[in-house]
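Chain and residue survey
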Amino acid sequence: MPRPIPVTNNDARAPSTAPGDERAHWLTAYRRVRDETERRAAPLSPEDQVIQSMADASPTKWHRAHTTWFFEQFLVTPHLPFYRPFDERFAYLFNSYYVAAGPRHARPARGLITRPSADAVAAYRAHVDAAVEKLIGEAPSASLADILAIVEIGLNHEQQHQELMLTDILHAFGQNPTNPAYAADWQPPRAAAEAGFLDLPEGVRTIGYDGQGFCFDNEQPAHRALVGPVHIARALVTNAQWLDFMRDGGYETPALWLSDGWTTAQAEGWTAPGHWREADGKWFSLTLAGLKPVDPAAPVCHLSYYEADAFARWAGKHLPSESEWEVAARTGGLADACGIVWQWTRSAYAPYPGYRAAPGALGEYNGKFMVNQMVLRGSSLATPDGHSRVTYRNFFYPPARWQFTGLRLADYST
Ligand SMILES: [Fe+2]
């Protein structure tokens, strides 16, 4: 059965603990999300938490501290009177890319920071948690709405980093010849066995978020777009299909590839998806449970945009646009739209018509990245519960493949 994907979000929201008690609601939501970060970090030793395997990935310890800095910088410092920072130096260490928030440590050098220790980061988290909880509990009613709006974006921001914690440590473990397991008992989610295509007739449809709950600014303004006619695959592309592509010389056939993709594939020596290893004529994949045989029935994962695009061309199909994906997902007819792998679309990450970034440092959240990246839709096995949305726009550079990324196909034949 297709897995339902929410049209409206419930994101970081927890069930209300008492109807009408907004403060209790958000205290519960705050603790739930913050606890999830620590739960994801718990299997990792202090040594695991220091490592940075490439510039694009960050250490676990950095994720735990940076998400805390976000609340300190944008919520507690401006809104809680007499707040004393845990450590004045942390703003420099744990700012990511917010130019308006001041100078920051170089991203590629995050793995060189052995101190503060993992324990000190835990104390930093507790210090800021106490301040945020005090603010939620005691802020004047007149400013509560503004404060809760920052709590909400801070929790959604932290959920994004929760996903990165898993993708980044998997990439780090991928550098280790002993193939470490994040959690030996981790099991991949079961994918649906759907066949065929969903037919989308030509029509003018609403794209983007037009609900009342939370969304990121890049999902707005909602607007009308011409979509279809197109057929969208109900299922994700599987490892078995990918092995067919490989056996058919997919990685050795330049005509299947974009020029930039071919150059990248040659330079990187790609012959299979990310995290795949061959031994004795069989393929294995490094997973969160360690090295496992590639399951032919499972959706293919750890693909760059370039590989997804080449596969679609080999298959005589296309990647869907993000509008086509969104319209198809709204019908409920896509299997595994969320919860397994993010799906590359052929849409460049660009502003929706009329988009304006918010003023101030938080306006740097999405808008300044709207060039040279491609949109992915859905969500992955690493996306926290409640963080998926049918209008959600993820984005990565075309060569990136350390995320849980796959594809589904579009067909324009009549
Ligand atoms: Fe961040």
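All values derive from a computational prediction rather than experimental measurement.

1. A few points about the packing of helix H5 (residues 118-138) against helix H6 (residues 141-173)
Relative orientation of the contacting elements H5 and H6 amounts to 145°, with a least axis distance of 10 Å. The crossing of H5 and H6 is left-handed. Packed against H5, whose contacting residues are Arg125, Leu135 and Ile136, the element H6 presents Leu144, Ile147, Leu148, Val151 and Glu158 at the interface. Residue composition of the contact of H5 with H6, by class: 6 nonpolar, no polar and 2 charged.

2. A few points about the sheet that holds strand E12 (residues 410-411)
Pairing in this open sheet of 3 strands is antiparallel, and the strands run E1-E4-E12 from one edge to the other. Among the strands making up the open sheet, the edge pair consists of strand E1 (197-200) and E12. In this sheet, E12 lies alongside strand E4 (residues 230-233) in antiparallel orientation, the contact comprising 2 bridges. Counterpart to His231 in the pairing with E12 is Asp411.

3. Points about unusual backbone geometry
Negative phi characterises most residues that are not glycine, and trans characterises most peptide bonds. With an omega of -5°, the peptide bond running from Gln220 to Pro221 counts as cis. On the secondary structure map, Pro221 appears in the loop between strand E2 (203-207) and strand E3 (223-227). With a phi close to 70°, His275 is a non-glycine residue in the positive phi region. Assignment of secondary structure puts His275 in the loop between helix H8 (259-268) and strand E5 (276-279). On the accessibility criterion, His275 (12% relative accessible area) is buried. A positive phi is found at Asp280, a non-glycine position, where the angle reads about 55°. The exposure class assigned to Asp280 is exposed, which follows from its relative accessible area of 79%.

4. Looking at the coordination of the iron ion
Distances from the iron ion to its protein donors, namely His66 (NE2), His157 (NE2) and His161 (NE2), fall within the range 2.1 to 2.2 Å. Written as a sequence motif, the donor arrangement for the iron ion is H-x90-H-x3-H. Residue His66 is found in helix H3 (residues 60-79), and its partner His157 is found in helix H6; the two are separated by 91 residues along the sequence. Neither residue differs from the other here; His66 and His157 are each classed as buried.

5. Some points on the sheet that holds strand E6 (residues 282-287)
The sheet built from 3 strands is open, its strands ordered E5-E6-E7 with antiparallel pairing. Sheet topology places E5 and strand E7 (290-293) at the edges, where each strand pairs with a single neighbour. Between one strand axis and the next, the sheet turns through 35° on average, direction left out of account. Relative to E7, E6 is paired through 4 bridges, and the arrangement is antiparallel. The residue bridging Leu286 from the neighbouring strand is Leu291, located in E7.

6. With respect to the confidence of the model for the chain
The share of residues in the chain with pLDDT of 70 or more is 95%, and the mean pLDDT across the chain is 94. Confidence over residues 13-17 falls short of pLDDT 50; this stretch has 16 contacts with residues more than four positions distant or in other chains.

7. What to know about the pairing of strand E9 (residues 374-377)
Burial along E9 is two-sided: the face carrying Met374 and Leu376 and the face carrying Val375 and Arg377 are both buried. Pairing between strand E8 (residues 342-348) and E9: 3 bridges, direction antiparallel. Looking at E9, one finds that Trp344 is bridged to Leu376. One ladder, built from 3 bridges, connects E9 with strand E10 (residues 394-396); its direction is antiparallel. Within E10, the residue paired with Val375 across the bridge is Phe395.

8. Let's talk about the packing of helix H1 (residues 22-41) against H3
Two elements in contact, H1 and H3, have axes whose closest approach is 10 Å; the angle formed by their N-to-C orientations is 165°. Overall, the two elements H1 and H3 adopt an arrangement that is roughly antiparallel. Between H1 and H3 lies a crossing of left-handed hand. Here Tyr30, Arg34, Thr37, Glu38 and Ala41 of H1 come into contact with H3, specifically with Thr60, Arg64, Thr67, Thr68 and Phe71. Here the contact of H1 with H3 is built from residues that sort into 3 nonpolar, 4 polar and 3 charged.

9. Considerations on the environment of Met165
On the secondary structure map, Met165 appears in helix H6. Residue Met165 is classed as buried on the basis of its relative accessible area of 3%. In contact with Met165, other than residues within four places in its own chain, are Thr37, Arg40, Ala41, Thr60, His63 and Arg64.

10. Side note on the pattern of salt bridges
Per the counting criterion, the structure on display carries 20 salt bridges. Taking the shortest distance from any N to any O, the salt bridge between Arg125 and Glu38 comes out at 2.9 Å. Here Arg125 is found in helix H5, whereas its partner Glu38 is found in helix H1, with 87 residues between them in sequence.

Cut-offs used in this document
Residues numbered from 1 in each chain as written. Predicted model: local features only at pLDDT ≥ 70, side-chain atom pairs only at ≥ 80, totals over all residues. Heavy atoms only, no water. Axes fitted to C-alpha atoms, helices over the stretch in contact; angles between N-to-C directions. Helix = DSSP H or I, 4+ residues; strand = E, 2+ residues; numbered from the N terminus. Left-handed = near helix turned anticlockwise from the far one by under 90°. Contact = heavy atoms within 4.5 Å. Nonpolar A, V, L, I, M, F, W, Y, C, P; charged D, E, K, R; others polar. Pairing = 2+ DSSP bridges. Buried < 20%, exposed > 50% of the residue type's maximum accessible area, 1.4 Å probe, protein only. Donors = N, O, S within 2.8 Å, 3.2 Å for Na, K, Ca; no water. pLDDT = per-residue confidence, 0-100. Parallel < 35°, antiparallel > 145°, perpendicular 65-115°, else oblique. Salt bridge = Lys/Arg side-chain N within 4 Å of Asp/Glu carboxyl O.

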